[in-house]
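Topology and contacts: notes
Single-letter residue listing:
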Amino acid sequence: NRSSNRSSNRSNNNISNNARSFSTATTHSQRGKRAVSLLPDYLSDARAVTRYCPTTAPDGALQLGVAENQMLEDLLVPALTEFQQSGTFAADCIYYQPTHGRPALREAFCGYLERLLQLPDNNRLDPEGLVMGTGCNAVLENLCITLAEPGEGVMIPTPYYAAFEFDLVARAGLSILPVNTFQHSGATIPTVATTTTSSSTSSSTTTSTSIPIEAYYPTKAGLTAALQAAREEGESPRILLLSHPNNPLGISYPPSVIQDCIDWCRHNQIHLISDEIYAGSVYSHADANFVSALALAKSKGEDSLGDYIHFVYSLSKDFALSGLRVGAVYSENEHIRLPLQKLNDLCQIPSQTQVLVEKMCTATATSSNDDDGGGGGGAWTDEFLATNQGRIQKRCNALQTVLDEFDIPHLKPTSGLFCWMDMSKYLPPLHDDDALLDDNNGNEALSSMQKRERILYLQLMNDFGLLFTPGLSMSNERPGFFRCVFTAASDHEFDLALTRIRTFCVSQK
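This structure is a prediction, so every number in the text was calculated from the model and none was measured.

Let's shift gears to the overall build of the protein. Tallying secondary structure elements over the protein gives 16 helices and 14 strands in all. When each of the 509 residues of the protein is scored for burial, the buried share is 56%. Considering only contacts within the protein whose residues lie at least 6 apart along the sequence, 73% involve residues at least 24 apart. Element-wise, carbon and sulfur atoms account for 49% of the exposed surface of the protein, whose accessible area totals about 21,800 Å².

Contact geometry for helix α14 (residues 380–405) and helix α16 (residues 491–507): axes closest at 10 Å, N-to-C directions at 10°. As summarised for this structure, α14 and α16 are arranged roughly parallel, according to the angle between their axes. Taken together, the residues of α16 that come into contact with α14 (itself represented by R395, A398, L399, V402 and E405) are D491, F494, L498, I501 and R502. Broken down by class, the residue content of the contact of α14 with α16 amounts to six nonpolar, no polar and four charged.

Counting residues in hydrophobic clusters, the biggest one holds 76 residues, and the most contacted among them are F109, Y313 and F319. No other element matches the seven residues that helix α5 (residues 103–116) contributes to this core. Residues contacting Y313, with those up to four places away along its chain left out, are F109, Y112, L113, L116, C136, E276, I277, A279, D318, F319, G327 and A328. Listed in part, the 73 residues of the second largest apolar core include V49, A61, I273 and F494.

Attention now goes to the packing of aromatic side chains. Applying the stated criterion across every chain, the model contains 17 aromatic pairs. For the ring pair Y161 and F164, a centre distance of 5.0 Å and an interplane angle of 85° mean the geometry is edge-to-face. Overall, the relative accessible area of 30% leaves Y161 in the partly exposed class. Centroid distance F319 to W380: 6.3 Å. Interplanar angle 20°. Geometry classified as stacked. Note that F319 is positioned in the loop between β9 (309–314) and β10 (327–331) and W380 in helix α14, a separation of 61 residues in sequence. Across the pair, exposure class does not vary: F319 and W380 are buried alike.

Another point: the sheet that holds strand β14 (residues 481–485). On the basis of which strands lie adjacent, the open sheet formed by three strands has the order β11-β14-β13 and antiparallel pairing. The open sheet has two free edges, formed respectively by β11 (418–422) and β13 (469–470), since each of these has just one partner strand. Inspection of the sheet shows β13 paired to β14 by two bridges, in the antiparallel sense. From the neighbouring strand, P470 faces β14, where its bridge partner is F482. Contacting β13 and β14, helix α15 (residues 446–464) runs over the sheet at an angle of about 35° to β14.

Moving on: the packing of helix α4 (residues 73–85) against helix α13 (residues 351–362). Interaxial distance between α4 and α13 falls to 9 Å at its minimum, and their mutual angle equals 115°. Compared by their axis directions, α4 and α13 come out roughly perpendicular. By crossing handedness, the relation of α4 to α13 is classed as right-handed. Mapping the contact onto sequence places L80, F83 and Q84 in α4 and L356, K359 and M360 in α13. When its residues are assigned to classes, the contact of α4 with α13 shows four nonpolar, one polar and one charged.

Right, let's talk about the pattern of salt bridges for a bit. Under the definition given, this model contains 18 salt bridges. The partner of D491 in a salt bridge is R395, with the nearest N and O atoms 2.8 Å apart. Separated by 96 residues along the polypeptide, D491 in helix α16 and R395 in helix α14 bring together distant segments of the chain. Each of E114, D121 and R124 takes part in salt bridges that share partners, so that together they form one network.

For the rest of this paragraph, the subject is the sheet that holds strand β3 (residues 153–157). Taken in spatial order, the seven strands make up an open sheet running β2-β10-β9-β8-β7-β3-β4, and their pairing is mixed. Across the chains shown, the open sheet's two edge strands, defined by having one partner strand only, are β2 (130–133) and β4 (175–179). Sheet twist, expressed as the average angle between the axes of neighbouring strands with direction ignored, equals 25°. Here strand β8 (residues 271–275) pairs with β9 via four bridges, running parallel. Within β9, the residue paired with L272 across the bridge is I309.

One can find H28 in the loop between α1 (2–13) and α2 (30–37). One polar contact links H28 to T27, side chain to side chain, over a distance of 3.0 Å.

Now for α14. Here α14 contains 26 residues, and its C-alpha end-to-end distance of 38 Å stays within 8% of the 38 Å for a straight helix at 1.5 Å per residue. Directly after α14, the chain includes D407, whose backbone phi takes a positive value near 55°.

A word on the confidence of the model for the protein. When the pLDDT values of the protein are averaged, the result is 89; 87% of them are 70 or greater. Note that pLDDT drops below 50 for residues 198–208; the model gives that stretch 22 contacts with residues more than four away or on any other chain. Low confidence marks residues 370–375, where pLDDT is under 50. Its contacts with residues over four positions away, or in another chain, come to 17 contacts.

What follows covers a nonpolar patch on the surface. A surface patch of nonpolar side chains, amounting to about 380 Å² of accessible area, comprises F89, I94 and Y95. With respect to the element layout, I94 can be found in the loop between α4 and α5.

Here we take up the environment of L75. Among the secondary structure elements, L75 is positioned in helix α4. On a C-alpha basis, the gap between L75 and F384 in space is 7.9 Å, while along the polypeptide they are 309 residues apart.

In this section: the pairing of β2. Note on strand geometry: in a regular strand, side chains alternate between the two faces of the sheet. Alternating residues of β2 divide into L130 and M132 and V131 and G133, and every residue in both groups is buried. In this structure, β2 lies alongside β10, joined through four bridges in antiparallel fashion. Looking across to β10, one finds that V131 is bridged to V329.

Conventions and cut-offs
Residues numbered from 1 in each chain as written. Predicted model: local features only at pLDDT ≥ 70, side-chain atom pairs only at ≥ 80, totals over all residues. Heavy atoms only, no water. Helix = DSSP H or I, 4+ residues; strand = E, 2+ residues; numbered from the N terminus. Buried < 20%, exposed > 50% of the residue type's maximum accessible area, 1.4 Å probe, protein only. Contact = heavy atoms within 4.5 Å. Areas by Shrake-Rupley, 256 points an atom, 1.4 Å probe, with all protein chains shown as cover. Axes fitted to C-alpha atoms, helices over the stretch in contact; angles between N-to-C directions. Parallel < 35°, antiparallel > 145°, perpendicular 65-115°, else oblique. Nonpolar A, V, L, I, M, F, W, Y, C, P; charged D, E, K, R; others polar. Core = buried A, V, L, I, M, F, W, Y, C linked by side-chain atoms within 4.5 Å. Phe/Tyr/Trp six-rings, centres within 6.5 Å; stacked < 30°, edge-to-face > 60°. Pairing = 2+ DSSP bridges. Left-handed = near helix turned anticlockwise from the far one by under 90°. Salt bridge = Lys/Arg side-chain N within 4 Å of Asp/Glu carboxyl O. Polar contact = N/O pair within 3.5 Å; in protein donor to acceptor, adjacent residues only side chain to side chain. Expected span 1.5 Å × (residues − 1). pLDDT = per-residue confidence, 0-100. Patch = residues over 30% accessible without salt bridge, like charges linked within 9 Å, V, L, I, M, F, W, Y side chains within 5 Å.

Here you go:
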């Protein structure tokens, strides 16, 4: 089924190949309609459901599927107000700006990234290699346009952030190549938990246990197999895109895994893009063992990152500033610097936002938030992130307590805003005998997995007011997994969500 998926993706996603086709309609273009078709199906359900409101819709659905952090307004609003009010309006802000960002902002942002990623003194970032644009999706799209031609492939380990399929296909015209990791991970994968019912038979298999974290790690063997399979199907992979820390898994890849990916990409002349948008939201540091690809790419004495290692980041997640639209791409590939700068002309950050972010990145902390894990002194960004990490950890612990109470397997979260939950034991049973027969191994057909997961997804949303992200929409290898964004709600809404999860679990006994 994965092979047929790739073939389908290829025919649906290579928008650029149809660019010369003319629409019979005079009111719109077909490429515009195709772009919308790339959005995940579950988004239409999420938009249609009545959202929770304590006064007008107390039974409405709680949004736990959007990757936002809504726990920081009390810290952000006063600080940003102070940053914005300090100083006078700079005269040069009324004119055109350098397309890749104001020099002072790029200097300040490099300094911030060096602190955040704990880069050593011999691994300083070059401000000329940094391009600041309106959000991570914008700079990622531009980066991929400079690295690959329309129709060429982007390899992404599964499960992955579903919107990558829109961000990299709608205009860039690239082909998404999911890289399944279970087979080549070396991890012991538990038996799929299913109950099969038909007119003639009724049987059940062993109950599943949690899939080990190692099963999700990309390996050289797995990447090589995926590369060969893609080429056999006529694809031309050019990029390996890693989410590190990972969305949706809520974990960081170990340094050895990132180093293997770096070495593999350099050997195969495949571009590695490390999307580290959650680098400042690593809250369980000892367990996460997060090390940036920018640090590892020079850990063996290299003078530069070289042409094949690239980095993207944004303030949308770690600082909950998705409305400001501040993203960054860093590369030391001299061949793409000018193209990146010119493409960024279409998505420049407004000058006043750049000044605000520069002040934020250079501000000194003036208060202590010890109760939330922060500490006074040093850079304001360091203190803010420490406080944020403490709050994320508390939310994470509360959610895991409920999941453990009802024996719901899940990856132990260490990074980001997510918990990856295995709720497959609540899937409806299989009713059709042929639903299992996707291949000679008797695996369940993708259509059957999608049908059963959608039933559970809609039950959680409509009957219990819990809006999670379904795993198959993120190309997970098995049905019944969900991403919970446990930061995407107020304190009251989060407490209500825990109550609703308990109510759902009790109802299933």
